[in-house]
Structure formats: structure tokens, C-alpha cells
2 protein chains.
Amino acid sequence: MRTDQRITTAMTELLRRQGYAATGIQQLAEASGAPVGSIYHHFKGGKRAVAHRALEESGAAYLELLVLLLGRYDDPVAGIEGVFADAAETIESTGWANLCPVGTVLGEVADVEPELRAAGDRVIASWIEAGTEHYERCGLSGPDARSFVYALVAGLEGAFILARAQRSREPLLAAGRVLAGSLAALLATARPG
Amino acid sequence: MRTDQRITTAMTELLRRQGYAATGIQQLAEASGAPVGSIYHHFKGGKRAVAHRALEESGAAYLELLVLLLGRYDDPVAGIEGVFADAAETIESTGWANLCPVGTVLGEVADVEPELRAAGDRVIASWIEAGTEHYERCGLSGPDARSFVYALVAGLEGAFILARAQRSREPLLAAGRVLAGSLAALLATARPG
DNA sequence: GTCTATACACAGATAGAC
DNA sequence: GTCTATCTGTGTATAGAC
């Protein structure tokens, strides 16, 4: 694997576990196997630039994953419960590590790192757009689809936090159940009968 | 105001804005007006102890606030939309600062600060318990109430992140709309007719 | 209980040999 | 493109005068 890719991947993992501020260049060097000088060679902007790349990469990966997971079932309602159940299983099996560095980092730096906030903004916008199209194809109106996707992403990110804090799958399973019910109700009114 | 209270209050504000790792003792001293030595005098455990206290205090404050806001309307569904609308207005008027230091800090330190994670766990448990009782009184079954409260708290925390990242009220308003609809559906099946 | 000075480790970043 | 040594600032924490 190329050096810059190894650095980005290591950064993603560190952001997941401990966030942006607590992650040091030295630690990144150890985790990636690349010496400090190499990091600055590949990323002129230093730590911030590496994090920027890591957010973009994670954002794109989750965009693919989300669409894949949601489309896995014929029934959209089952798809929602499936996504949350999968997340619950994964998060426990990783020892309650965060699944999404984007949410963690944005919560931490949105007020103090304009560049990273803007990168996260673009990532989230891409999720909302793709999700909205997905649920429009399922039969929801544009506004309903968009609202539901915001609730879905917010519910996922929030439930990640609760699940990690409580070391329990319950927050994810509960949020999935409620959002699945919500989608069922929206679909029922959208295509009555 | 007492010195230890000033320190705790300043820490809460700093945690909100920039999280735990990025907040230094020196910065806390400046923000609180108390010199470094006084911080260590009042909080033997240093930075971690101050953050611990700040989380407990914020948790208790939000417990009161949440119950107050939810009970403000006779109609529980209107209460949900009211909470999210209020949050949207407040978050914008503060320049997109985080409203809840608990979520931010937990996302950042859950894997690396066991003491703070445990403190946050207790705070969240207190929210879930109080919220569950509230919605049981509204007519939901115990399991439905508990699931809905998890979805509610997760939706709030997640929407805070999205709203700050996008500098938009839309995530909060959208999540509120969806969760209000979800509660309406749950109430309709709980007390038919 | 308040405040200053300081110890010691480590941060991010850079220069320059290889 | 890789790696080492190092610069400068800041981090947490403490000792001890007041």
C-alpha cells in the first residue's frame, strides 16, 4: 500500500478512537509506520491536512456502504432495522470503538477548525443527497425523504455515542426500531392502500 | 460565585466549544479567572476531575430542562417539535456552538477515558429513565417509551452535530418532525380511537 | 485558600543528510 | 521519497511563598 494511504488509514483509525485533538503526529507516525518527515512530505498541511483527507475518504466509504446496506432488502423498513442491527453488532465486536470518525471529529472541532468543518459539511451533504434520492425511489415525497434521511443520519450518529458510552447495543436497536416505524408510517401515507 | 463553581462553569463552556483533549489547564485558568494552582487545589484530580464534575452538572441541568420542555405542552407530539425547534433557534443564536457538552465529550473520550465514560453513562441513564417515565405517563408501554426516548436523545445529539457542521437549522427541524410523527404513530396504536 | 515559578514531557513542525 | 535531529512552544502537574 502507498505511504500516503497508510498514513490516511492510520489517521482514520486514530480519529475514530480518540478524536482529532488527542491524536499526535508522533502517534500517527508510529501507527502508520511512516516517520514524521514522511507525513509532512505527503501532506504539506500537516496534521490538519491528514485529517481532512481521512474525513473525505471515510465519507465516501460510508456513502457507498449506506446505499449498499439500505438497498440490501426489498422492504425499506427492514433495511432500516438491518442497518442499525448491523451497526450494533459491529460496534460491540470492535470493543465499542466508534464506527464513524466523521461524527466524532465534527462534534469536537466544528467551532475551532473551519477547514475540517467545511470538509465534514460536504460529506454530510453527500449522504443526505444520496439518501434522499434513495427514499424518493421508495415512494416518499422529496421533503419527506429529505427529513427522514436527516433523522436517520442524526439517529445513527447519536446512537453511536450513546452505545459507546453505555457499552450497550440497546441505543442502536431502539433507535432503529423507532426509525423503522417512522418510515413505515411515512410510506403508508405516501402510497395509501 | 464560588471559585470551584466558576472553574466548573468555564470548563463546561470550553468542553462545548472544543472538547476535552483540546482544552488545556492554562486556558481553563484564563477562562475561569482562577490561577492554575487554585484549580488543582479545588480539584485534586486535575483536568479530568474538572471535566467529570462538568459532565455531572450539565447532565443534571439537562435532565431538568428536558422534563420541563417536554411537559410544557399538553400534546406530547407538539412537545417534541417544540424541543427541536427551540434547540434549532438556540444553536443558531449562539453561533452554532454545541448545546450539549456530554455528547461531544463522550464521542471523543469514550474509548480512552474510562472515568469520564462512566460518568457520561450515568448521565445518559438518568435521561433515559426520566424520559421513559414521562412517556409512560403519556400512555406508551414501557418498552415503547424506552425505545422512543433512546431515539429522541440519539436524534438530538446527532442533529446537534449535523446542525453545527452544516450551520443549518434543517437537521434539527427535520429530525424533530420525523420523531414527532413517530411519537404520534406510537400513541395512536397505544390508545386506539 | 490564592497565586507564581518551574519541572519535565511532549506537541507540531522543519531542515537537511541520505 | 525516507528518516533523524532538533527548534520552539505548550501541555499537565507540582512546590512553596504569601
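Located above this text is the structure these notes cover.
Please read all numbers here as calculations on a predicted model, not as lab measurements.

(A) Region of interest: the overall build of chain A. The number of helices and strands found in chain A is nine helices and zero strands. Reading the helices (α) and strands (β) of chain A from amino to carboxyl end gives α-α-α-α-α-α-α-α-α. Taken over C-alpha atoms, the radius of gyration comes to 18 Å for chain A, in line with the 16 Å a tight globule of 193 residues would show. Dimensions along the principal axes, computed over C-alpha positions, put chain A at roughly 65 × 35 × 30 Å. Taken across its 193 residues, chain A has 55% of its residues classed as buried. Excluding contacts between residues fewer than 6 apart, the proportion of contacts in chain A whose partners are at least 24 apart in sequence is 69%. Accessible area for chain A stands at about 7,800 Å²; split by element, carbon and sulfur atoms hold 53% of it. For chain A, the centre of its 18 positive side-chain charges and the centre of its 23 negative side-chain charges are spaced 5 Å apart.

(B) Main features of the interface of chain B and chain A. Taken together, the contact pairs 47 residues of chain B with 47 residues of chain A. For the pair chain B and chain A, the two sides together bury roughly 3,900 Å², of which 60% comes from carbon and sulfur. For the interface between chain B and chain A, the tally reads four salt bridges. Inspection of the region where chain B meets chain A yields 14 residue pairs in polar contact (both at pLDDT 80 or more).

(C) Representation of unusual backbone geometry in the model. At R167(A), a residue that is not glycine, the phi angle is positive and equals roughly 50°. Following the sequence through the fold, R167(A) ends up in the loop between α8 (142-166) and α9 (170-190).

(D) Geometry of the protein's contact with DNA strand D. Taken together, 14 residues sit near DNA strand D, with T3(A), H42(A), I25(B), Q26(B) and Y40(B) positioned nearest. A distance of 2.8 Å separates a phosphate oxygen of DNA strand D from a polar atom in the side chain of T3(A). Separating a phosphate oxygen of DNA strand D from a side-chain N or O atom of Y40(B) is a distance of 2.8 Å. For the surface near DNA strand D, the secondary-structure elements that each account for two or more residues are α3 (36-42) of chain A together with α2 (25-32), α3 (36-42) and α4 (46-70) of chain B. By residue number, the principal contributor to the surface near DNA strand D is α3(A), which donates four residues. Tallied by class, the residues present in the surface near DNA strand D amount to four nonpolar, nine polar and one charged.

Cut-off values and rules
- Residues numbered from 1 in each chain as written.
- Chains lettered and ligands numbered in written order.
- Predicted model: local features only at pLDDT ≥ 70, side-chain atom pairs only at ≥ 80, totals over all residues.
- Heavy atoms only, no water.
- Helix = DSSP H or I, 4+ residues; strand = E, 2+ residues; numbered from the N terminus.
- Rg over C-alpha atoms; globule rule 2.2 N^0.38 Å.
- Buried < 20%, exposed > 50% of the residue type's maximum accessible area, 1.4 Å probe, protein only.
- Contact = heavy atoms within 4.5 Å.
- Areas by Shrake-Rupley, 256 points an atom, 1.4 Å probe, with all protein chains shown as cover.
- Lys, Arg positive; Asp, Glu negative; His and termini not counted.
- Charge placed at Lys NZ, Arg CZ, Asp CG, Glu CD.
- Buried area = accessible area lost by both parts, 1.4 Å probe.
- Salt bridge = Lys/Arg side-chain N within 4 Å of Asp/Glu carboxyl O.
- Polar contact = N/O pair within 3.5 Å; in protein donor to acceptor, adjacent residues only side chain to side chain.
- Near = heavy atom within 4 Å.
- Nonpolar A, V, L, I, M, F, W, Y, C, P; charged D, E, K, R; others polar.

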